[in-house]
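Analysis of the macromolecular model
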Amino acid sequence: MIIVLLGPPGAGKGTQADRLAARLGIPKIATGDVLRAAVRDGTRRGLEAKSYMDRGDLVPDSVILGILQEVMTSPATKKGAILDGAVRTVPQAEGLGTMLAEIGKKVDKVLLFDVDDDELVKRLSTRTVCERCQTPYTGRDPGTSCTKCGGTLVRRKDDEPDAVRNRLEVYRTQTAPVIGWYGDRKMNVARIDADAPVDEVTARALQVLGK
Ligand code: AP5
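These numbers were taken from a predicted model, which means no experiment stands behind them.

Let us now look at the site of the ligand. With respect to spatial proximity, 34 residues lie near the ligand, and among them Thr15, Asp57, Arg88, Arg127 and Arg167 are the closest. Thr15 is positioned with one of its side-chain polar atoms (N or O) 2.6 Å from an oxygen atom of the ligand. Interatomic distance of 2.8 Å between a side-chain N/O atom of Arg36 and an oxygen atom of the ligand. Those elements that place two or more of their residues in the shell around the ligand are helix 1 (13-24), helix 2 (31-41), helix 6 (117-125) and strand 6 (136-138). When residues of the shell around the ligand are assigned to their parent elements, the largest contribution, four residues, is made by helix 2.

Tallied over the entire structure, the rule returns one aromatic pair. Residues Trp181 and Tyr182 carry aromatic rings whose centres are separated by 5.1 Å and whose planes lie at 80° to one another, so their mutual orientation is edge-to-face. Here Trp181 and Tyr182 have matching classes, each one buried. One cation-aromatic arrangement involves Arg55 over Tyr52; the distance from NZ or CZ to the ring centre is 5.5 Å. Here Arg140 stacks its cationic end above the ring of Tyr137, 5.0 Å away from the centre of that ring.

Counting through the fold element by element, Thr175 comes out in helix 7 (residues 161-184). Take Thr175: its relative accessible area is 6%, and that puts it in the buried class. If near-sequence neighbours (up to four positions away) are discounted, Thr175 is found in contact with Val87, Arg88 and Val170.

Val4, Leu83, Leu96, Val107 and Tyr182 are the most contacted members of the largest nonpolar core, which totals 32 residues. Secondary-structure elements contributing two or more residues to this core are strand 1 (2-6), helix 3 (44-55), helix 4 (61-72), strand 3 (81-84), helix 5 (90-102), strand 4 (109-114) and helix 7. Top contributing element to this core by residue count: helix 4, with six residues. Residues in contact with Leu96, not counting those within four places in the same chain, are Val4, Leu65, Leu68, Met72, Leu83, Val87, Val107 and Tyr182. Core analysis: the next-biggest nonpolar cluster, separate from the first, contains 23 residues, Leu120, Leu124, Val164 and Leu206 among them.

What follows concerns the pattern of salt bridges. Within this structure, the stated rule accounts for 21 salt bridges. The closest approach of N and O atoms between Asp162 and Arg165, which form a salt bridge, is 2.5 Å. One end of the pair, Asp162, and the other, Arg165, are both in helix 7, three residues apart, so they sit about a helical turn from each other. Accessibility expressed as a relative area gives 58% for Asp162, which makes it exposed. Residues Glu169 and Arg172 are paired through a salt bridge, measuring 3.7 Å at the closest nitrogen-oxygen approach. Residue Glu169 and its partner Arg172 are both found in helix 7; the two are separated by three residues, about one turn of the helix.

The five strands lie next to each other as 2-3-1-4-8, forming an open sheet whose pairing is parallel. The sheet is open, and its two edges are formed by strand 2 (28-30) and strand 8 (189-193), each paired on a single side. Here the strands of the sheet are splayed against their neighbours by 25° on average, with no regard to which way each runs. Two elements, strand 1 and strand 4, share four bridges in a ladder whose sense is parallel. Each residue of the ladder has a partner; that of Leu6, found in strand 4, is Leu112.

Following the sequence through the fold, Gln134 ends up in the loop between strand 5 (127-130) and strand 6. In this structure the side chain of Gln134 is engaged in a polar contact, spanning 2.8 Å, whose partner is the side chain of Arg36. Excluding anything up to four places from it in sequence, Gln134 contacts Asp33, Arg36, Arg40 and Val129.

The subject of this paragraph is the pairing of strand 4. Of all six residues that make up strand 4, five are buried, and the element is covered over most of its length. Inspection of the sheet shows strand 4 paired to strand 8 by five bridges, in the parallel sense. For Asp114, the partnering residue across the bridge sits in strand 8 and is Asp193.

Calculation rules
- Residues numbered from 1 in each chain as written.
- Predicted model: local features only at pLDDT ≥ 70, side-chain atom pairs only at ≥ 80, totals over all residues.
- Heavy atoms only, no water.
- Near = heavy atom within 4 Å.
- Polar contact = N/O pair within 3.5 Å; in protein donor to acceptor, adjacent residues only side chain to side chain.
- Helix = DSSP H or I, 4+ residues; strand = E, 2+ residues; numbered from the N terminus.
- Phe/Tyr/Trp six-rings, centres within 6.5 Å; stacked < 30°, edge-to-face > 60°.
- Buried < 20%, exposed > 50% of the residue type's maximum accessible area, 1.4 Å probe, protein only.
- Lys NZ or Arg CZ within 6 Å of the ring centre and 35° of its normal.
- Contact = heavy atoms within 4.5 Å.
- Core = buried A, V, L, I, M, F, W, Y, C linked by side-chain atoms within 4.5 Å.
- Salt bridge = Lys/Arg side-chain N within 4 Å of Asp/Glu carboxyl O.
- Pairing = 2+ DSSP bridges.
- Axes fitted to C-alpha atoms, helices over the stretch in contact; angles between N-to-C directions.

Geometric values such as these leave the question of function open.
Encoded structure:
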């Protein structure tokens, strides 16, 4: 099963992707995590992506489609994948559809996590993430340890107020049209109210998936 998660920055895509991946037994593919690892490792892809990410702009479609091509043809995604933030423009949705068709697959479900802007800003301004495993935390200080892997918690550069404002605008102008694109192709986009406790949002997502 291939599931695309859509939603604005801070909507909880990463949090829910981890839970759905564990529950459904398929991997989470988060392009943001892949790109941050590339930046950390100083690869060519990371060097190309860094300035876009720091400003809160989208990394070029060609880079994202390259990542998707690698992961969707890898044995790790044979049974499916939860695509977390991996489709953020109409050309990305088109490119993913084409590459999946070539290997006899398709997107099975699109989940859209809906949260209002005030709550998103609140979540992102109090978030720290593990620099090793990327687990997000609320209300835990930078420099403290990740309870999952022992890595150090840091603030993301794109969680600074200017970058957050830009990410919300980028979402509205470049990613929101993806919702209509899937709708036009008779793909049922399930809108989930994600301004609720984490367990409740997971339950809503599983219900939509019939699990
Ligand atoms: P990415 O890392 O994907 O960032 P994002 O989409 O902006 O999403 P976030 O990680 O900020 O939020 P989230 O929705 O995952 O929420 P989370 O679970 O962390 O991408 C970063 C950058 O990479 C992009 O800006 C772009 O430059 C580039 N990029 C990546 N993919 C790309 C693509 N396809 N095309 C082009 N460029 C791309 O939760 C947020 C906080 O809220 C956490 O602290 C969490 O603990 C808390 N929280 C979660 N759920 C709840 C809840 N229900 N109630 C209360 N708090 C909650």
